[in-house]
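Structural characterization, general
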Amino acid sequence: MKQGIYTITENRPLTADVWEMRLSGDTSPLTAPGQFINIKLEGFFLRRPISVCDWDEAGLTIIYKVVGRGTAAMAAMGPGQRLDVLAGLGNGFDVGKCGQRTLVIGGGAGVPPMYGLAKALLAAGKTPVAILGFNTESEIFYEDKFRALGVETAVTTVDGSYGVKGFVTAALPEAYDYFCACGPMPMLRAVAGGTATSGLLSFEERMGCGFGACMGCSCETKYGSKRICKDGPVLEKEEIIW
């Protein structure tokens with residue numbers, strides 16, 4: 001974990017309430033796809049944890065959903081503004097554990113880290129297969145970005161307005177040897193129960209501190225209580241007690 005000042009270079013809407021922000025700054029603390037940053041916002045006591053979508057030597061990209069006053073304040077920011085950021089939080093996905101044909105499954109706000117994971121899998125010579133889940137067509141984002149990587153991509157919508165009707169489990173293919181997933185708890189539970197292989201699950205939890213001090217985001221596992229922010233957010237399928 002490292003604290004630094006990052007500069008907004010771009011902040012644009014992808015849908016009615018989902019925004020993409022590009023930050024320039026030190027990305028050396030980022031070592032694995034699926035890690036997150038914690039952003040300090042003026043006038044707010046708690047930092048905002050946001051998963052990292054992508055990064056390079058110049059900066060990083062985050063995607064966030066406007067759900068309250070904090071994220072609404074972020075959406076009002078523009079290029080040139082600076083943010084106090086804790087970077088390199090969480091453990092991220094272990095690409096070495098992934099199979100040759102790994103499913104990357106994202107639901108809603110869980111889609112962004114799967115993009116960075118797909119890129120990492122490709123760089124490792126593996127074949128990611130993406131399943132992106134949304135409630136309705138107007139909420140879809142980043143489908144084109146996954147396809148531009150050459151990744152086989154299926155999109156599901158709960159109301160059937162686009163792609164496969166239903167939840168992400170409705171689009172599970174027959175051939176795969178591992179999976180990684182990020183999304184709300186009901187989705188992760190369904191994926192864990194509907195997949196035939198081992199896999200990694202990235203949990204979305206409300207966090208107080210973001211680095212393991214407050215114990216406010218604990219999850220029960222076969223090995224005892226684990227902190228999502230410090231021991232996670234990525235945990236193995238077999239260790240979770242649902």
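As shown above, the structure is provided for reference.
Note that the structure is predicted; figures quoted are calculated from it, not measured. Numbers given for residues are sequential positions, taken from 1 along each chain in its written order. Whole-chain, interface and lining totals are the exception, using all residues; otherwise, since this is a predicted model, local features are given only for residues with pLDDT of at least 70 and side-chain atom pairs are given and counted only at 80 or more. In computing side-chain values, all of the structure's heavy atoms are included and hydrogens and water are not.

What follows concerns the side chain of Thr15. Only DSSP runs of H or I covering at least 4 residues are called helices, and only runs of E covering at least 2 are called strands; the numbering of each starts at the N terminus. Within the secondary structure, Thr15 is located in the loop between strand S1 (2-13) and strand S2 (18-24). Burial status follows relative accessibility: with a 1.4 Å probe on protein chains alone, a residue under 20% of its type maximum counts as buried, one over 50% as exposed, and anything between as partly exposed. Exposure remark for Thr15: the relative accessible area of 12% places this residue in the buried category. Note on definitions: a residue-residue contact is assigned when non-hydrogen atoms from the two residues lie within 4.5 Å. The residues touching Thr15, leaving out its near neighbours within four places in the chain, are Ser138, Glu139, Ile140 and Phe141.

Looking at the element boundaries, Thr156 is found in strand S9 (residues 152-157). Residues Thr156 and Ile140 lie 16 residues apart in sequence; the distance between their C-alpha atoms is 9.4 Å.

Turning next to the nonpolar core. For this analysis, a nonpolar core means a set of buried residues of the types Ala, Val, Leu, Ile, Met, Phe, Trp, Tyr and Cys, connected via side-chain atoms within 4.5 Å. Ranked by internal contacts, the top residues of the largest apolar core, which has 27 residues, are Met114, Leu117, Tyr142, Phe146 and Cys180. When contributions to this core are tallied by element, the ones reaching two or more residues are helix H2 (111-123), strand S8 (127-134) and strand S11 (178-183). No other element matches the 6 residues that H2 contributes to this core. Here Met114 is in contact with Phe93, Val104, Ile105, Gly106, Phe146, Cys180, Ala181 and Cys182, once residues within four sequence places are set aside. One finds Ile50, Met74, Ala75 and Met77 within the second-largest nonpolar core, a separate group that totals 21 residues.

A separate point is the pairing of strand S3 (residues 36-40). Of all 5 residues that make up S3, 4 are buried, and the element is covered over most of its length. In terms of strand pairing, S3 meets strand S4 (residues 48-55) through 4 bridges, oriented antiparallel. Looking at S4, one finds that Ile39 is bridged to Arg48. The criterion for strand pairing is that DSSP finds at least two bridges linking the strands in question. Alignment of S3 against strand S6 (residues 82-89), held across 4 bridges, turns out to be antiparallel.

To continue, consider the sheet that holds strand S15 (residues 234-236). Reading across from one edge, S10-S9-S8-S7-S11-S12-S15 is the order of the 7 strands in this open sheet, with mixed pairing throughout. Edge positions in the open sheet fall to strand S10 (164-165) and S15, since each of these has one partner strand only. By the bridge criterion, 3 bridges tie strand S12 (residues 199-203) to S15 in an arrangement that is antiparallel. Opposite Ser202, over in S15, you have Val234 as the bridge partner. Against the sheet, H2 touches strand S7 (101-107), S8 and S11, its axis set at about 165 degrees to S7. Axes, fitted as lines to C-alpha atoms, cover a helix only where it is in contact. Angles between the N-to-C directions of the axes lie from 0 to 180 degrees. Strand contacts of helix H4 (residues 185-194): S7, S11 and S12, with the helix running at about 165 degrees to S11, the strand carrying the most contacts.

One can find Ile140 in the loop between S8 and helix H3 (143-148). Considered as a pair, Ile140 and Pro79 are 61 residues apart in the sequence and their alpha carbons are 25 Å apart. Excluding residues that lie within four positions of it along the chain, Ile140 makes contacts with Thr15, Phe134, Val155, Thr157 and Tyr162.

Once that is clear, we can look at the state of the cysteines. Note on terminology: disulfide denotes any pair of cysteine sulfur atoms within 2.5 Å. Scanning all chains against the criterion turns up 0 disulfides. Lacking any disulfide linkage, Cys53 is separated from the closest cysteine sulfur, that of Cys182, by 11 Å. The structure places no disulfide on Cys182, whose sulfur is separated from the nearest cysteine sulfur, that of Cys180, by 10 Å. Among the residues examined, Cys182 registers a relative accessible area of 5% and is labelled buried.

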